[in-house]
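# Structural overview
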Amino acid sequence: MQRIDVINGPNLNMLGRREPDIYGTDTLEQVDARVVAWGQRLGLEVTTFQSNREGDLIDRIQACRTSADGIVINAGALTHTSYAIHDALLAAEVPAVEVHLSNIHAREPWRAVSVLAPVVAGSIFGRGVVGYRDALRLLVNRAAAMPHTIAYGDHPEQVMDVRAPDDPGPHPVAVLVHGGFWRREWGRDTSDTLAVDLTARGWVTANVEYRRLGCDGGWPASVDDVATAIAHIVSHREVSSVTVFGHSSGGQLALVAGRATAVETVVALAPITDLAWAIELGTGAPSPAQFAGGHDPTGPMSPVAEPARGRQILVHGTADTEVPVEFSTRYVQAAEAAGITVNAIYPETGHFELLDPKTPVWEQVVTSL
Ligand code: DQA
């Protein structure tokens, strides 16, 4: 079992009372209890610590050398200034993930700078308390199969995590495109559990990051990035086939990128297939309108306007409250009207369950490929 120390820095003892519109209404005690429970579900032994003093935080981080296998840290405002904490994290020699409840990139400019970011395995921000859960999961996935992060462009978001089976191959390639309404707060850690599962089944996986809203993304930059990432992995590996998996807004990106001939199969999980309809319904507002950015949402950015031609499997939960299942049923109608067959599966499940490889529907989809 992995031991993870969850360390909170200055002013986080004030959670619940401190700027609740920014940091939420949960107290630190409540947050810690949730984090310990999430850890148990992931098979982790989680300990928690908070201090307002930099030296105490440094002592605790140093102790993790022998007392923990990983660190989750919200260093509060010390994130932006403390090279001493940066150095302590290096000295601890265990992987760490930084968490921020708020979106530090959408506030005062000084908050956008994290001096810890260069020495952590991941930075999670703007997701509220669930950011701690996602940080734990990131550490679990890294421990299960260590990825190689490679750049496919010059922008810091143009990277992907690649994992390969031990045998020489050639292997089928799975390109994973995460969701999150194209927002910067949601990153490729959310699709990493699927990547780890696929690698264990003999796939080369490329879990793609791409430019998103707030970091130079939107139409067409985000789609261009996914297409470039696919081309990059195909040109650098001997591959037997290419399947693009996308969830939610990543499903939209996968279906659009899937129009290219290099892609044999698209697996779209709860995809947003129609930007105009998303804007009309208010689905994920205001992100769909921001993604369109003044371009025509009924045009090529919408998969319903131009369905992919290759093999495609759509999975959409009938209990999805984030992206209603009608986004998929309407896509299937549009594809059929264009003479394209789509394999659609509608399990009785919600939006995020489709990111869990333990579900029967995932087994069904992956074994059918
Ligand atoms: C914080 C963001 C920091 O800028 C701030 O100083 C905090 C909390 C967050 O969780 O969003 O104290 O780390």
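Structure: see above.
So, about the side chain of Asn74. Within the secondary structure, Asn74 is located in strand 3 (residues 70-74). On the basis of relative accessible area, Asn74 is assigned to the buried category, the value being 3%. If we ignore the near neighbours within four places in the chain, the residues touching Asn74 are Ile7, Asn8, Gly9, Leu12, Val99, His100, Leu101 and Tyr132.

Right, let's get into the sheet that holds strand 1 (residues 2-8). The 5 strands are arranged 2-1-3-4-5 in an open sheet whose pairing can be described as parallel. Since the sheet does not close on itself, it has two edges, and those belong to strand 2 (44-50) and strand 5 (122-125), each with one partner. For this sheet the average axis-to-axis angle between neighbouring strands, irrespective of direction, equals 20°. Of the strands in this sheet, strand 1, strand 2 and strand 3 touch helix 3 (residues 54-67), which is tilted by about 175° from strand 1.

Within helix 6 (residues 192-200), 7 of the 9 residues are buried, which leaves the element mostly enclosed by the surrounding structure. Considered for burial, the residues of helix 6 that qualify are Asp192, Leu194, Ala195, Val196, Asp197, Leu198 and Thr199. Looking at the residues trailing helix 6, positive phi occurs at Gly202, about 105°.

Next up on the list: the packing of helix 3 against helix 4 (residues 83-92). Running from amino to carboxyl end, helix 3 crosses helix 4 at an angle of 15°, the nearest separation of the two axes being 8 Å. It follows that helix 3 is roughly parallel to helix 4 by the angle criterion. Crossing hand, helix 3 versus helix 4: right-handed. Counting all contacts with helix 3, which are made through Glu54, Leu57, Ile58, Ile61 and Arg65, the residues of helix 4 involved are Ala84, Ile85, Ala88, Leu89, Ala91 and Ala92.

Below, the discussion takes up the sheet that holds strand 10 (residues 239-247). Across the sheet, 8 strands lie side by side as 6-7-9-8-10-11-12-13; this open sheet has mixed pairing. Only two strands of the sheet have a single partner each, and these edge strands are strand 6 (148-151) and strand 13 (343-345). Strand-to-strand, the axes of this sheet are offset by a mean angle of 20°, without reference to chain direction. In the sheet, strand 11 (residues 265-269) pairs with strand 12 (residues 311-315) via 5 bridges, with the strands oriented parallel. In the strand pairing of strand 12, Val267 is matched with Ile313. Sitting on the sheet, helix 8 (residues 249-257) touches strand 8 (171-177), strand 10, strand 11 and strand 12, and the angle it makes with strand 10 is about 140°.

For the rest of this paragraph, the subject is the pattern of salt bridges. By the definition in use, this model includes 21 salt bridges. Between Glu108 and Arg107 there is a salt bridge, and its shortest N-O distance comes to 3.9 Å. Given a relative accessible area of 31%, Glu108 falls into the partly exposed group. Residue Arg107 is classed as partly exposed on the basis of its relative accessible area of 23%. Between Glu108 and Arg111 there is a salt bridge, with the nearest N and O atoms lying 2.7 Å from each other. Looking at Arg111, the relative accessible area reads 13%, which means it is buried. One continuous salt-bridge network, built from bridges that share partners, spans Arg127, Arg133, Asp134, Arg137 and Asp189.

On to unusual backbone geometry, then. Following Gly169, the chain continues into Pro170 via a peptide bond in cis, with omega recorded as 5°. In this fold, Pro170 is placed in the loop between strand 7 (159-163) and strand 8. Cis geometry is found at the peptide bond from Trp219 to Pro220, where omega equals 0°. Within the secondary structure layout, Pro220 lies in the loop between strand 9 (204-208) and helix 7 (221-236). A positive phi angle, close to 70°, is found at Asp216, a residue other than glycine. Along the polypeptide, Asp216 turns up in the loop between strand 9 and helix 7. Asp216 sits in the exposed class, given a relative accessible area of 53%. Phi is positive for Ala270, close to 45°, though the residue is something other than glycine.

Rules used throughout
Every chain's residues receive numbers from 1 upward, in the order its sequence appears when written. Note on the predicted model: pLDDT of at least 70 is required for a residue's local features to be given, and 80 or more for side-chain atom pairs to be given and counted; whole-chain, interface and lining totals, by contrast, use all residues. Side-chain calculation: all heavy atoms of the structure are included, whereas hydrogens and water are not. The way it works is that DSSP assigns letters per residue, a run of H or I at least four long becomes a helix, a run of E at least two long becomes a strand, and they are numbered from the N terminus. Relative accessibility thresholds used throughout: buried, under 20% of the residue-type maximum; exposed, over 50%; partly exposed, between the two (1.4 Å probe, protein chains only). Contacts are assigned to residue pairs with any non-hydrogen atoms lying within 4.5 Å of each other. Here the rule is simple: two strands pair whenever DSSP picks up at least two bridges between them. Comment: axis = line fitted to C-alpha atoms, over the contacting stretch for helices; angle = value between 0 and 180 degrees taken between N-to-C directions. Any angle that is under 35 degrees is reported as roughly parallel, and any over 145 degrees as roughly antiparallel; angles of 65 to 115 degrees are reported as roughly perpendicular and all others as oblique. What makes a crossing left-handed is the near helix being turned counterclockwise from the far one by less than a right angle; a clockwise turn instead makes it right-handed. Salt bridges are counted wherever a side-chain nitrogen of Lys or Arg sits within 4 Å of a carboxyl oxygen of Asp or Glu.

Fair warning: the whole summary comes from geometry, so function is off the table for now.
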